[in-house]
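In case you want the letters, here they are:
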Amino acid sequence: MFALRKVRHAYDMQDVLRLDDWSVAQGEHWLILGPSGSGKTTLLHILAGILAPSEGSVAIAGQDLDKLPASELDRFRGRHIGIVFQRLHLIPSLTVLDNLLLAQYLAGAAQDANRARVLLTSLGLGDKAHSRPHALSFGQSQRAAVARAVVNKPRLILADEPTSNLDDANAAAALDLLLQQAGACNATLVIATHDRRIRQRFDHRIVLGGEA
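Bear in mind that the values here come from a model prediction, so they are computed numbers and not experimental data.

Undergrad: Got a minute to help me understand the pattern of salt bridges in this structure?
TA: It is possible for side chains bearing opposite charge to pair when their charged atoms get close. Enumeration according to the criterion identifies 10 salt bridges in this entry. In this structure, Asp 15 engages Arg 8 in a salt bridge whose closest nitrogen and oxygen atoms are separated by 2.6 Å. Measuring nitrogen to oxygen at the nearest pair gives 3.9 Å for the salt bridge that ties Asp 64 to Lys 67. By relative accessible area, Lys 67 is classed as exposed at 60%. One connected set of salt bridges, linked through shared partners, spans Arg 8, Asp 15, Arg 18 and Glu 55.

Shown next as structure tokens:
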């Protein structure tokens, strides 16, 4: 599903990430583990095509990301990659439904309000479709962000620290939501985290920064 080869990234001449070869198959679920500052978010952003590595290559669904011009990369990301950021980045001036429709538009896909409504209903947000993000609880906002990430049926779902600031019950619910939605579209799921509570739910992991 994706393959990274000899990836290195540096800020101000200082390496923050070095990774040899990493290949992941369609539908697999992976954790990126490591302490703060180990390069987890950097690696996630490289996988998303938000950040180009200083060295190395990244291929997603058979496409070398460095071969795409910026406009095509944005559309490719929208169609094939769903991202749940640590800060959820819902657009505050839009309703929850319009946040999902915007994700379809930016991907160059037909705007399918019915799919968006069905998805929101399946996540318990049917009555919040016309609410703006400020009217949602944190849990509702997180579910809305997941809905936006999966509305285009991506092949890859990336999540940055989705459980770290939650209590045990809400952390389990957030993880269940991501696993369920990845399973629904047979997406590869990659979660960057330092949250040790969720390790037992994953068979695959990559460890950065020397953490055991």
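Undergrad: How do you make sense of the nonpolar core when you look at a structure like this?
TA: Note on soluble globular proteins: their nonpolar side chains tend to be buried together. Membership of the largest hydrophobic core comes to 36 residues, with the highest contact counts inside it found for Val 84, Leu 120, Leu 189 and Ile 191. Counting residues per element, the ones that place at least two in this core are strand E4 (29-33), helix H3 (96-106), helix H4 (113-122), helix H5 (138-150), strand E8 (156-160), helix H6 (168-184) and strand E9 (188-193). No other element matches H5, which puts six residues into this core. The next biggest cluster of nonpolar side chains, apart from the first, holds 29 residues, and it includes Leu 43, Ala 48, Leu 156 and Leu 158.

Undergrad: What should I look at first to understand the packing of H5 against H6 in this one?
TA: Think of two packed helices as two axes; the pair is described by the angle between the axes and how far apart they sit. Relative orientation of the contacting elements H5 and H6 amounts to 15°, with a least axis distance of 11 Å. When the axes of H5 and H6 are compared, the pair comes out roughly parallel. The two elements H5 and H6 cross, and the hand of that crossing is right-handed. The residues of H6 that touch H5, namely those facing Gln 142, Arg 143, Val 146 and Val 150, are Ala 174, Leu 177, Leu 178 and Gln 181.

Parameters and conventions
Residues numbered from 1 in each chain as written. Predicted model: local features only at pLDDT ≥ 70, side-chain atom pairs only at ≥ 80, totals over all residues. Heavy atoms only, no water. Salt bridge = Lys/Arg side-chain N within 4 Å of Asp/Glu carboxyl O. Buried < 20%, exposed > 50% of the residue type's maximum accessible area, 1.4 Å probe, protein only. Core = buried A, V, L, I, M, F, W, Y, C linked by side-chain atoms within 4.5 Å. Helix = DSSP H or I, 4+ residues; strand = E, 2+ residues; numbered from the N terminus. Axes fitted to C-alpha atoms, helices over the stretch in contact; angles between N-to-C directions. Parallel < 35°, antiparallel > 145°, perpendicular 65-115°, else oblique. Left-handed = near helix turned anticlockwise from the far one by under 90°. Contact = heavy atoms within 4.5 Å.

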